[in-house]
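Observations on chain architecture
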Amino acid sequence: MENALINRDEAYKLLKEYNKSESLITHALAVEAVMRHFAELFGEDQEKWGIIGLLHDLDYEMYPNEHCKKVREILEERGWPEEYIHAIESHGWKLCTDVEPVHKMEKVLYTIDELTGLITATALMRPSKSILDLEVKSVKKKWKQKSFAAGVNRDVIAEGAELLGMDLDKVIEETIIGMRNVADEIGLKGNL
């Protein structure tokens, strides 16, 4: 498949083919929005970064024991470029794959995947249940509470920020901004 044939609509159809869980689809939309935001920050291809974010957990629901591995087979069968496949595989580095994130796009995905989960959980605990009024300090406060959103791997987030050469607070801030772009779609508009 040539890059010109890869578009967001086709990627979304593929996501829905392999994922029925609303929470996984919502997570994919959050990661997509954050990837697009970081692409804009870095002057990169927002469409490509967004599609990779959208499909990063493509194989997770149907093949949880082969997560970040089965995706290669799925995308190769459809003729997707290696660049997309490698980027998606690399977000599970040290967790379920040995594919290291090398390019900036891959490092962003590796960093923000877990972070979107922590931010979502933090926003939902607020009286407003919204990301629109969420601040970095609130996320950092919850970051320190290891029992809060215990499934979020904070070491991956911290390591990812280091790989990016970015301050953790800045990564959190930009991730929040990216998620705000789709607050309604991801159920985080709250009562604001």
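1. Notes on the environment of Lys107
The topology assignment puts Lys107 in helix α6 (residues 104-125). Along the chain, Lys107 and Ser90 lie 17 residues apart, while their C-alpha atoms are 8.3 Å from each other. Setting aside anything within four residues of it in sequence, one finds Lys107 in contact with Pro101, Val102, Leu163 and Leu164.

2. Remarks on the nonpolar core
Core analysis: the largest hydrophobic core is formed by 56 residues, its most contacted members being Leu55, Trp80 and Ile131. When residues in this core are grouped by element, the largest group, ten residues, is from helix α2 (residues 22-42). Not counting residues within four places of it along the chain, the set of residues in contact with Leu55 comprises Ala11, Leu14, Leu15, Trp80 and Ile88.

3. Structural notes on the side chain of Ser130
Structurally, Ser130 is set in the loop between α6 and α7 (136-144). For Ser130, a relative accessible area of 0% corresponds to the buried category. Only 2.9 Å separates the side chain of Ser130 from the backbone oxygen of Lys189, close enough to count as a polar contact. Dropping the residues within four chain positions of it, Ser130 is found in contact with Ala123, Leu188, Lys189, Gly190 and Leu192.

Conventions adopted
- Going along each chain's sequence as written, the residues are numbered from 1 onward.
- This being a predicted model, a pLDDT of at least 70 is required before a residue's local features are given, and a value of 80 or more before pairs of side-chain atoms are given or counted; all residues contribute to the totals for chains, interfaces and linings.
- The basis for the side-chain values is all heavy atoms of the structure; hydrogens and waters are excluded.
- What counts as a helix is a DSSP run of H or I of at least four residues, what counts as a strand is a run of E of at least two, and both are numbered from the N terminus.
- In this analysis, two residues are considered to be in contact whenever any of their non-hydrogen atoms come within 4.5 Å of each other.
- We define the nonpolar core as a collection of buried residues of types Ala, Val, Leu, Ile, Met, Phe, Trp, Tyr and Cys that are connected through side-chain atoms lying within 4.5 Å of one another.
- Relative accessibility under 20% of the residue-type maximum defines a buried residue, over 50% an exposed one, and the middle range a partly exposed one, all with a 1.4 Å probe and only protein chains included.
- Distance and chemistry together define a polar contact, namely a pair of N or O atoms within 3.5 Å, with one atom able to donate a hydrogen and the other to accept it when in protein, and with adjacent residues in sequence counting only for side-chain atoms on both sides.

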